[in-house]
Each structure stands twice: as structure tokens, then as C-alpha cells.
Amino acid sequence: MADKMDIDTSNGVQEKGEEKTGGPVVPTEMSTEKIISTNFALINQAVDSFDPRFTLRALRSIATLRKREDFAQALGAGIRQAFPKESNNARRVLEEMLPESVRQQQNGSAETNGKKDEVEVVEIAEVWAYLGVLVQVYLLDTASHQAGATFSLNLVDKLRSFNRRTMDPLGSKAYLYLSLFHENLTPLPPSPQSPVISLRPKLLAALRSAVIRNDSDTQAAVTVLLLRNYISTADITQADLLVAQTQFPATAANNQVCRYLYYLGRIRAIQLAYTEAHSNLEAATRKSPTTGAAVGFYQQATKMLIVVELLMGDIPDRATFRLPVLEKALAPYFKLVQAVRVGDLGGFVKCVDVNEARFRADGTYTLILRLRQNVIKTGVRMLSLSYSRISLRDICTRLSVESEESAEYITAKAIRDSVIPDSRLDHENGYLVTTSGRDVYGSTEPSEAFHERIGALLGMRDECVRAMRYPGNRNREAGIEAQKARERERELVGEVLEAEDEEDEEMGGGMDGL
């Protein structure tokens, strides 16, 4: 049940605080080899300044690199540039994953291409890890899942042994591709023999190490991957235990927060906690970008949000289905909402049957099956609002119910659940009688809706404050030096004034003597 749109492997969701960084810029019109070479400089700068934003910028270019036709050749040239010696074990490990034609081309053109390198590369572990991630991307794009899974297991073990904070963004990305490789191995999830189950101990060990080392990047990424792993095999209880016994890092990147909220919303929806599920899914859709590579995640989160809103008895806003990025993806859900809104049980059953494959692929099919009772309740409510008295036989016809006894049971349950609180059943004559409707503004519903909006806005404001970047130690030291300079200036001014006062006193004393 691996959702293709759940995780954006190109890191399309923008990282928090990445928009203003120095260092080389990576324009898309550059050659593939030049982009990789420039990323080496970014990683070196990240190690020198201990600033992970440069590494994140290098990782963001993966989406551009993997679309190039010469990606494999450029990757081979990058490996040769970073590790010129053929006997280097780090180079050999990476080259073994590339095609034979690329390796032969490397050996034949090593001396020629070596003269063209304009960026000096230092043989550091971070550069090797970055090349390892690119090898993972190449193996994933070429559907070499078994080879990629074996290589990724060795890669994450090596990265975990370094225990360097400058390696954290690269390590989190390596675990992501490790999980994707195992999801594509047969038997596929949700089979109980799927290889994703054997991957769980390694992910749990990585989570423990990340918490001990205060590695928030790997902690956030592995937590999300574990939730995805449990959901893919329908182990909702284990996923709930993981959420209860772990704490998601507050400093996690925005893309990881979006994924965590989405999976948490799915877990709560399956557990019938629709209010909490709606809150998490709504936050995920608000945080997620609506354009670019992350639009698939936005569509998937919106689908789940629509189903949860229907289960809560609410009708999604029609404007949601008119957005250009959602209109085509939400077409089956729009028909579903129309059937639920008017209480058309026949239309609902037909919509579910026609779009069953799509709903199963989206992971919403089991939740949509729960909507049948909601459709019936909505139909009863619509009939009670339209008619002050309606026979049970007419209810059977309108709701496509088999018998009058079933219609009587449905209406009685709706009255007990306060779906139609101002109605009563006339058992003798077989009618549903509805009195005048209540005034909604005399209830607490408007104030509750207003409170919910205020809470959402205040939460957004708090998140914006936490996302702000504050001056570092350099600016603080500069401020201290400026304060000291101002204090010295005040001392000099005070000394000058004291000297002038003394002169005035001396002059005054001399005049008195005269």
C-alpha cells in the first residue's frame, strides 16, 4: 500500500530557513557535471562553516540532476573528481553500482577530464556521502531495487558510524531511499512477508541513535518512515504506540512536519478520532506547497482531508475542487461529495463501485465505506427539512431502502443520535413528523466555529515566529563590541567634561582672588 504521492523524493517541500544562504548558486542551465562539481563546493562550505543549509541546497538539486539524460556519466565524472586515485576504496564502492560502460568511460578519460575540473574538492566524508545518495537516486530511477537495497544498507551503516552533525542531512536522505527500495521489493506491502517488515529493526535502531546524538534531521526522517512502514502493512496499533512513545523534534524541517502530520492524520482517522485527524490533515495541507514537485503530496493530503470531513458530517468547500492543481485529482471525490451532500444512497454506491480502484490506490477506500451511514443520515435530515410529514414508504423510495421496517429503524436511530432532534415517529400511521427547526444562532455552533478559526490563526502565528532565524554568535559579538565602544566613548566624554569643570573652577577661584 505504498502511496506514490506520500513522500516527495526530490525534497520539493522547501526546508525551513534556506532562502538566504551564501555560497555558489546552482542554476538549472548548467551542465550536469558542473552542477555536481558546484555541489561539492557547497558541501565543503557547509563543513567549514558548520551550516547545514549549504548541504540542503546541494540536496535540492537532485530533482534537476535525475531528469538529465547524462546523469550516470556525470555521476561517474563526479566520483572521479572527488577521488582521483583508482585504488581508493571509497571510489571503488561507488563505481561498482554504475554501469560497465560508465566505468570504462571513466578509466579512459580520467586524465583528460581531470584538467577541466575547476572546483578543488577535498576528500571528506560528506562528499562521499553525497555521492552515495546520488548513486541511490540512480539505482532507484533505473529500477535496480535489489541492488539499491543492498547498497543502501551498507551506506547507512557507514554514515551512522561517522557520528558527525554535518552528515545529518545526508544521512536522513539515505534512510529515505533505503525505505523506498524495500517498499518496491516483492512481495509488496501490505503482504505480511514484505521486506519492509524486516527493515523496522534497523529504522528503530537509527531512531534511538538519532535521539541520543541529538540528530533532529535523522530523527524526524526515520520517525516519518516508520509511520509510513507501519501504515503500509496496516499495523495501526504499532504506529500509534510509536507516536505515543516518541517525540517529534520541534526543529524538524517543514517537509518532514508535513509528512508527519499527514500520517498522524491517517492513523487517527482509522482509529475513529476524526476531530484530531481533521486537525492534523488540515495543518498538513496548509504547510504543504501547492506548486512544484510537492503538488502530489498536497493532492493526497487533500483527498484524505475531504473523506475525514465527510465522516465528521461536514461538506467540503466547493472552491477546493475548482483549484487547478486539484480539479482533476479530486474528480471522483467531487462526485462522492455530491452523493453524500444530498443523501443519495444509490449515487453513493455507484460512485464507490466505479472508482474503487482509485480509492484503494489512495488508501481511502476503507474510510469511504464508513460513509454509507452518513449518507443515510444526511438523506433523512434533508427529508426532515423538506417535509413536515413524510411516510416511511416515501422514505424507502427516496433513500433506496429495502423495507419500511428498515426505514423506521434508520429514522429512529437518527432521532436518537440528534441528527433530526425536532422530529418524531408516528408508529400507528407510519409517518415521520418534523416540527419547526431550531435557530442555529441560539446554539454554541457559531462561537465554536469562530474559536476554531482563531485557534488556527494563532497556531500559524506561533509557527511563523518559531521559523524565524535569529542572529548568530557573530552578530552577538559584534553587538557586544559596539556596546563596549559606546561605553568607552561615554567614558571619554565624561573625562572631557570633568576636565572642563576643573578648569572652570580654577578660573573661577583665580577671579575671586583678584
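Residues numbered from 1 in each chain as written. Predicted model: local features only at pLDDT ≥ 70, side-chain atom pairs only at ≥ 80, totals over all residues. Heavy atoms only, no water.

As annotated in an unreviewed UniProt entry, the chain is 26S proteasome non-ATPase regulatory subunit from Elasticomyces elasticus. Note on the chain: under the UniProt heading Sequence similarities (unreviewed entry), the record states "Belongs to the proteasome subunit S3 family." (UniProt positions renumbered as here; feature names shortened; annotations may be inferred.)

## Here's the deal with the overall build of the chain
Scanning the chain for helices and strands turns up 25 helices and three strands. Across the chain, contacts joining residues at least 24 apart in sequence account for 68% of those joining residues at least 6 apart. When the accessible surface of the chain is totalled, it reaches about 27200 Å², and 51% of it is carbon and sulfur. (Helix = DSSP H or I, 4+ residues; strand = E, 2+ residues; numbered from the N terminus. Contact = heavy atoms within 4.5 Å. Areas by Shrake-Rupley, 256 points an atom, 1.4 Å probe, with all protein chains shown as cover.)

## Overview of the environment of Pro189
If you trace the backbone, Pro189 turns up in the loop between α10 (168–183) and α11 (195–212). With a relative accessible area of 10%, Pro189 lands in the buried category. Between the C-alpha atom of Pro189 and that of Tyr230, which follows or precedes it by 41 residues, the distance is 10.0 Å. (Buried < 20%, exposed > 50% of the residue type's maximum accessible area, 1.4 Å probe, protein only.)

## Comments concerning the sheet that holds strand β1 (residues 389–391)
What the three strands build is an open sheet, ordered β1-β3-β2; its pairing is antiparallel. On the outer flanks of this sheet lie β1 and β2 (423–426), each paired with one strand and no other. Neighbour-to-neighbour, the strand axes of this sheet turn through a mean angle of 20°, independent of strand direction. Relative to strand β3 (residues 431–434), β2 is paired through four bridges, and the arrangement is antiparallel. Its bridge partner lying in β3, Arg424 is registered against Val433. Along the sheet, helix α23 (residues 404–416) makes contact with β2 and β3, crossing β2 at roughly 150°. (Pairing = 2+ DSSP bridges. Axes fitted to C-alpha atoms, helices over the stretch in contact; angles between N-to-C directions.)

## A short note on the packing of aromatic side chains
As enumerated under the stated definition, the model contains six aromatic pairs in all. Arranged with centres 6.3 Å apart and planes meeting at 90°, the rings of Phe40 and Tyr130 form a pair that is edge-to-face. With Phe40 in helix α1 (residues 32–49) and Tyr130 in helix α8 (residues 125–141), this pair connects stretches of sequence that are 90 residues apart. A residue is classified by how much of its surface remains accessible, and Tyr130, at 0% relative accessible area, is buried. Between Tyr262 and Phe297 the ring centres are 5.6 Å apart and the planes differ by 70°, which places this aromatic pair in the edge-to-face class. Of this pair, Tyr262 sits in helix α14 (residues 254–270) while Phe297 sits in helix α16 (residues 295–311), and the two are 35 residues apart along the sequence. Judged by relative accessible area, Phe297 falls into the buried class, the value being 5%. Linked through ring pairs, Tyr262, Tyr263 and Phe297 together constitute an aromatic cluster. (Phe/Tyr/Trp six-rings, centres within 6.5 Å; stacked < 30°, edge-to-face > 60°.)

## Some thoughts on the environment of Gly171
Mapped onto the fold, Gly171 is located in helix α10. Residue class for Gly171 comes out buried when judged on its relative accessible area of 8%. In the structure, Gly171 is positioned 46 residues away from Asp217 in sequence and 8.2 Å away in space, judged by C-alpha atoms. Not counting residues within four places of it along the chain, the set of residues in contact with Gly171 comprises Leu159 and Thr218.

## Examining the pattern of salt bridges
Tallied over the full model, the rule gives 16 salt bridges. Salt-bridge contacts for Arg92 lead to Glu96; the nearest nitrogen and oxygen are separated by 2.8 Å. A relative accessible area of 40% means that Arg92 is categorised as partly exposed. Through salt bridges that share partners, Asp240, Arg268 and Glu276 make up one connected network. (Salt bridge = Lys/Arg side-chain N within 4 Å of Asp/Glu carboxyl O.)

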